[in-house]
Amino acid sequence: RDNTSARVLVAAVTAAQTARGARRRRIHVMQLTNCLGIGGAETVIRDLARTGDRDRYHLSVCCLKSLGPIGRELLAEGVDIYTLPGADPDVPDYFT
């Protein structure tokens with residue numbers, strides 16, 4: 001029995017799935033934090049930014065107050081880091 005038609009069907013389905021996957025938009029996930037100094041929550045944010053599935057998600061981080069050492073690390077690794085205007089990235093804010 002000739003399996004040519006079955007192979008053609010499998011090739012067509014595979015091509016359709018590939019095209020559909022190529023059109024899929026990545027979901028933008030922004031992690032919001034006060035700062036990215038040294039700490040537990042900051043370490044979790046760093047680990048999520050490093051290990052997240054970049055084919056499915058566009059991962060970024062927004063710092064409200066200061067960038068901190070973990071933030072500078074992530075910037076050097078190419079993670080999108082946003083800070084609010086007026087935030088001084090090198091001065092820790094211990095009072096708010």
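Residues numbered from 1 in each chain as written. Predicted model: local features only at pLDDT ≥ 70, side-chain atom pairs only at ≥ 80, totals over all residues. Heavy atoms only, no water.

Caption draft 1: View of the nonpolar core. Judged by nonpolar contacts, L36, I45, A49, V61, C63, L67, I70, L74, V79 and I81 together constitute the single largest core of 10 residues. Mapped by element, the contributors of at least two residues to this core are α2 (40-51), β2 (57-66) and α3 (68-76). (Core = buried A, V, L, I, M, F, W, Y, C linked by side-chain atoms within 4.5 Å. Buried < 20%, exposed > 50% of the residue type's maximum accessible area, 1.4 Å probe, protein only. Helix = DSSP H or I, 4+ residues; strand = E, 2+ residues; numbered from the N terminus.)

Caption draft 2: Representation of the sheet that holds β2. An order of β1-β2-β3 is seen for the three strands of this open sheet, with the pairing classed as parallel. Each of the sheet's edge strands pairs with one partner strand only, and the pair in question is β1 (27-35) and β3 (80-83). Put simply, the sheet's adjacent strands are angled 25° from each other on average, direction ignored. Of the pairings in the sheet, the one linking β2 to β3 comprises four bridges and is parallel in character. Bridge assignment links C62 to a residue of β3, and that residue is Y82. (Pairing = 2+ DSSP bridges. Axes fitted to C-alpha atoms, helices over the stretch in contact; angles between N-to-C directions.)

Caption draft 3: Fine view of α2. Helix length check: α2 (12 residues) gives 17 Å between terminal C-alpha atoms against 16 Å at 1.5 Å per residue, within 8%. Listed in full, the buried residues belonging to α2 are E42, I45, R46 and A49. Mapping the buried residues of α2 onto a view down its axis gives an arc of 100°, with all of them on the same face. Facing away from the buried side of α2, by more than 90 degrees, are the exposed residues G40 and T51. Packed against the buried residues of α2 are β1, β2 and α3. (Expected span 1.5 Å × (residues − 1). Arc of directions from axis to C-beta. Contact = heavy atoms within 4.5 Å.)

Read these as layout, nothing more, since geometry by itself doesn't imply function.
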